[in-house]
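Chain by chain, the residues:
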Amino acid sequence: MTIGSEDLYPALLLVCLAFSTFVVLRKTRSFRYWTGHESLPFPPGPKGLPVLGNIFQMPQKDQWHRFGEWAKQYGWSNSPPLEFVPLIIEFLGNIIYLSLLGKHVVVLTSYDEASALLNARGSIYSDRPKLPLIHDHAGWDNVLSIIPWGESVHMQRRMLNGFFNPSASRKYHSFLEQHSRILALQVVENPLDFDALNRMHMAAVIMWITYGHQVTEADDDWVIDAKTAINSFDALGVPGSHLIDIFPILGRLPYWVWGKTFAVGLKGTQKGAYDMIDKPYNQVKQQVKVGTAEPSITAKLLEDNLAPDGTIDNEREISGAAGIIYAAGADTTNVAVNSFIVAMAMYPEVQMKARKELDDFLRGERLPNIDDMPFLPYLLAVMKESLRIRLVAPLGLPHATIADDVYKGMFIPKGAMVLTDMWTMCHDPHDYPNPHQFDPERFLVRGGGMAKLRSDVRDPEDIIFGFGRRVCVGRHVAIAQIWIIMATILSTFEISLPRDQAGKEVHPTEEHLDQNARHESKTVSRCLCPPL
Ligand code: HEM
C-alpha cells in the first residue's frame, strides 16, 4: 500500500491542532504569568475561536478596510483594567489584537501608535515575521525585506543607503530626467500603451543602476527572470499561512507530502531565488573580473569588498541587497505613477491647475528637472495626495517583535507580527478631513499670491514608506522618480478618462477606487492623449 499526501493530510492536521493548542496555551496564560505580565490584557480585538483564533474573520483581500472597522468597533468596547482607563481610553481604538492559529498579530491603525512603537522602540519592533517556508526552503535567505533583524540587515541597509541616501540619490537625477523624456517620446508613438511602457521604463532604470544592464525591450531576459521570480511566490499561497510556517519542524517531511502542485511550485520559487539574485550577481562579478562591467551598484560593491587575496567579502549581502532593488522598486513606483494618472483624469480642474503652475514656471522654454520640485508646491501637493489617497502598499511590510513589550497597559508579546494599516492612517479624518476627497490644497497654505507646503499637516511620505529601522531604503529616489515622470507627463500630455464606444467617459467604479493603486493599470493605459 502506498501512502499519498491525501492520506497523510488529516493525520498531520490533527497533530498540528493538538500541538497548536499547547502552543496557544503556553503563549497566552502561563507565559504571561512567567513574565509578570499576566494581569495585562492584549490590545482589544474581535473575539476568536479557541485555538484557531480569528482565522475565519480575516478577509481574503483588502484587509485594511476590515482593520479600520475593527479599530472603531473594538477599541472602545473591550474594558481595560480600571487603573489604566484614563491613560489608554483615548488610544485603544488604534491598536487591535488578533490571534491566528496561536500566532499573535498586532495591527496599528494610527500614525501616532506606529511611530511610538516602530520609530521610538526600534530595538523591539524591527524584526520581520519568521517565514521558514520562503526563507529556509525556497532559498530566499539573504533578501533584505524578508530576513530577520541582525548583522545582515545592518550591512545590507548600510550598503544600499550608500547609494540611496538623500545626497547620494541626487547622482541619479539626470539619468531619471533623461529616462522620463524617453518614456514621454515612446508614449507619443504609442499613447495607448502607457502602462506597459512605464513598466519597461522602471525596469530599465533599475536594471541599469543596479547591474549596469541595459534594457531595450519588454521581454528582456533579466526582467523576465525577475518578474517570474516574484510571481513564483503565488504558488506557495499567502506568506506565513502554510503549515511549515506555523510548525517549522514539518519542513523536515518530504515536499511531496504537501501535494505535487506545492512541490513543483516550491522548485519554481527556488529557481526564482537563483534567477533573480545569484544569476545577475554572478554575471556582474564575471564582468568586473574581466574589466567589462558598466558602473553600477553591484560593480561598486564588488570592488569595495574585494579582499587582498582576490576573493569577495560579504557576497551573500551584496547579492541580496542588489537582488531586492527590482522587487522593491519597480512595481511600487509604477503603481504610484498610475495612481497619479487616474487622479488627473478624474479631477481635470486639479490637472489644469498643476499644468498652469508648471507652464508659468517653465515658460515653455524647457522640460522640467528634478531640481524644480521645491518651486512647484502645487504639483508636490498633487503627488502627496495621490500617494495618500490610493496606497501602493496599504499594509506596508509586516514587522515583528524581538522581545515582550508593554505599551499603555497592553501586553505585546515577543514574536508578535506587527502590521501597519497605512490605508487607515492615510484616511484618518483627524489628519486628513474628508479623507476620500482628492484635495491637494489640504497640504498648502497661501499668502501673498504664493502657495507653500503646510508644516502642520501630516506628510503621507512619513507613512507610506514604512517605519523605524526597516523604513524603505529607496524612498528618496522613488520620490524623485515619481515626481519627474508626473511633471514630464503633465507638461507633454493631456490626461482624460477613457471613453466607451458611444464616446461616453468611463469612470472607475467605487469598488475600484476603494482598492489600492495596484488596480489602476487596467484604466491607466487609455487615459493619455497625444501631445498638446
Ligand atoms: C512608491 C514607491 C515605494 C513605496 C511606496 C515603498 C514602500 C516601502 C515600504 C512600506 C517598505 C516597508 C517598510 C517597513 O517595513 O516599515 C519598504 C521597504 C523597502 N523598500 Fe521601498 N517603497 C518604494 C520604492 C522603493 C524603491 C524605488 C526601492 C529601491 C531603490 C525600495 C527599496 C526598499 C527596500 C530594500 C526595502 C526593505 C527594507 C528592509 O526590510 O529593511 N523601495 N518600501
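Residues numbered from 1 in each chain as written. Predicted model: local features only at pLDDT ≥ 70, side-chain atom pairs only at ≥ 80, totals over all residues. Heavy atoms only, no water.

S.K.: Go over the sheet that holds strand β2 (residues 103-108), please, and point to the residues and values.
M.R.: Read across the open sheet, the four strands follow the order β1-β2-β6-β3; overall the sheet is mixed. Where the open sheet ends on each side, the last strands, each with one partner, are β1 (95-100) and β3 (399-400). Where β1 lies against β2, six bridges are found, and the strand directions are antiparallel. Following the sheet pairing, Ser-99 is matched in β2 by His-104. Contacts from helix α4 (residues 111-119) reach β1, β2, β3 and β6 (417-420) within the one sheet, and its direction differs from that of β2 by about 125 degrees. (Pairing = 2+ DSSP bridges. Helix = DSSP H or I, 4+ residues; strand = E, 2+ residues; numbered from the N terminus. Contact = heavy atoms within 4.5 Å. Axes fitted to C-alpha atoms, helices over the stretch in contact; angles between N-to-C directions.)

S.K.: Got a sec to walk through the packing of helix α7 (residues 151-164) against helix α14 (residues 297-304)? Specific residues and values, please.
M.R.: Closest axis-to-axis distance for the α7/α14 pair is 11 Å, and the angle between their directions is 125 degrees. Judged on the interaxial angle alone, α14 and α7 are oblique. Here the hand of the crossing between α7 and α14 comes out right-handed. Of the residues in α14, those in contact with Met-159, Phe-163 and Phe-164 of α7 are Ile-297, Lys-300 and Leu-301. Taken together, the residues that form the contact of α7 with α14 break down as five nonpolar, no polar and one charged. (Parallel < 35°, antiparallel > 145°, perpendicular 65-115°, else oblique. Left-handed = near helix turned anticlockwise from the far one by under 90°. Nonpolar A, V, L, I, M, F, W, Y, C, P; charged D, E, K, R; others polar.)

S.K.: How would you summarise the UniProt feature "binding site: heme" (unreviewed entry) in the chain if you had to cite specific residues and measurements?
M.R.: Per the UniProt record, "binding site: heme" (unreviewed entry) is annotated on Cys-472. Here Cys-472 is to be found in the loop between α19 (461-464) and α20 (475-492). (UniProt positions renumbered as here; feature names shortened; annotations may be inferred.)

S.K.: Please set out the site of the ligand residue by residue, giving values where relevant.
M.R.: Residues in close proximity to the ligand total 24 residues, the closest being Arg-128, Arg-157, His-399, Arg-470 and Cys-472. Within the side chain of Arg-470, one N or O atom sits 2.9 Å away from an oxygen atom of the ligand. Elements supplying a minimum of two residues to the shell around the ligand: α7, α15 (315-346) and α20. With five residues, the single largest contributor to the shell around the ligand is α15. Tallied by class, the residues present in the shell around the ligand amount to 14 nonpolar, seven polar and three charged. (Near = heavy atom within 4 Å. Polar contact = N/O pair within 3.5 Å; in protein donor to acceptor, adjacent residues only side chain to side chain.)

S.K.: How would you sum up the packing of helix α16 (residues 348-362) against helix α17 (residues 377-389)? Please name residues and give values.
M.R.: Their axes nearest at 8 Å, the elements α16 and α17 cross at an angle of 140 degrees. The angle between α16 and α17 falls in the class oblique. In this structure, the crossing between α16 and α17 has a hand that is left-handed. From α16, Val-350, Lys-353, Ala-354, Glu-357 and Leu-358 reach across to α17, where they touch Pro-377, Tyr-378, Leu-379 and Val-382.

S.K.: For the packing of aromatic side chains, give the residues involved together with the corresponding values.
M.R.: The tally for this structure, following the rule as stated, stands at eleven aromatic pairs. A ring pair is formed by Phe-42 and Tyr-97, whose centres lie 4.3 Å apart and whose planes are at 5 degrees; its orientation type is stacked. Taken as a pair, Phe-42 in the loop between α1 (5-34) and α2 (63-77) and Tyr-97 in strand β1 lie far apart in primary sequence, 55 residues in all. Judged by relative accessible area, Phe-42 falls into the buried class, the value being 14%. Look at Tyr-97 and you get buried, because its relative accessible area is 10%. On the numbers, 6.3 Å between centres and 35 degrees between planes, the contact of Trp-64 with Trp-423 is tilted. (Phe/Tyr/Trp six-rings, centres within 6.5 Å; stacked < 30°, edge-to-face > 60°. Buried < 20%, exposed > 50% of the residue type's maximum accessible area, 1.4 Å probe, protein only.)

S.K.: How would you explain the environment of Gly-162 if you had to name every residue and give the values?
M.R.: With respect to the secondary-structure elements, Gly-162 resides in helix α7. Look at Gly-162 and you get partly exposed, because its relative accessible area is 42%. Taking the C-alpha atoms as reference, Gly-162 lies 9.5 Å from Ile-297; in sequence the two are 135 residues apart.

S.K.: Before we move on, can you summarise the environment of Asn-94 with the specific residues and values?
M.R.: With respect to the helices and strands, the residue Asn-94 is situated in the loop between α3 (85-88) and β1. On the basis of relative accessible area, Asn-94 is assigned to the partly exposed category, the value being 22%. Each C-alpha atom of the pair Asn-94 and Phe-67 lies 9.6 Å from the other, and the pair is 27 residues apart in sequence. Those residues in contact with Asn-94, other than ones at most four positions away along the chain, are Val-107, Leu-108, Thr-109, Ser-110 and Glu-113.

S.K.: Any chance you could break down the nonpolar core for me, citing the residues and the numbers?
M.R.: In terms of nonpolar packing, the biggest core is built from 153 residues, with Phe-67, Trp-140, Phe-164, Ile-341, Leu-379, Trp-483 and Ile-495 touching the most fellow members. Broken down by element, this core gets its largest block of residues, 17 residues, from α15. Sequence-distant contacts of Phe-67, that is, excluding residues within four places in its chain, are made with Met-58, Ile-96, Leu-98, Val-107, Thr-109, Leu-395, Leu-419 and Asp-421. (Core = buried A, V, L, I, M, F, W, Y, C linked by side-chain atoms within 4.5 Å.)

S.K.: Could you give an account of unusual backbone geometry, with specific residues and numbers?
M.R.: For residues besides glycine, phi is generally negative; the peptide bonds are generally trans as well. Of note, Val-51 is a non-glycine position whose phi angle comes to about 65 degrees, a positive value. You can see Val-51 is positioned in the loop between α1 and α2. In the Ramachandran plot, Asn-434 falls in the positive-phi region, its phi being about 45 degrees despite a non-glycine side chain. Along the chain, Asn-434 falls in the loop between α18 (422-426) and β7 (444-447). Residue Asn-434 is classed as exposed on the basis of its relative accessible area, which comes to 59%.

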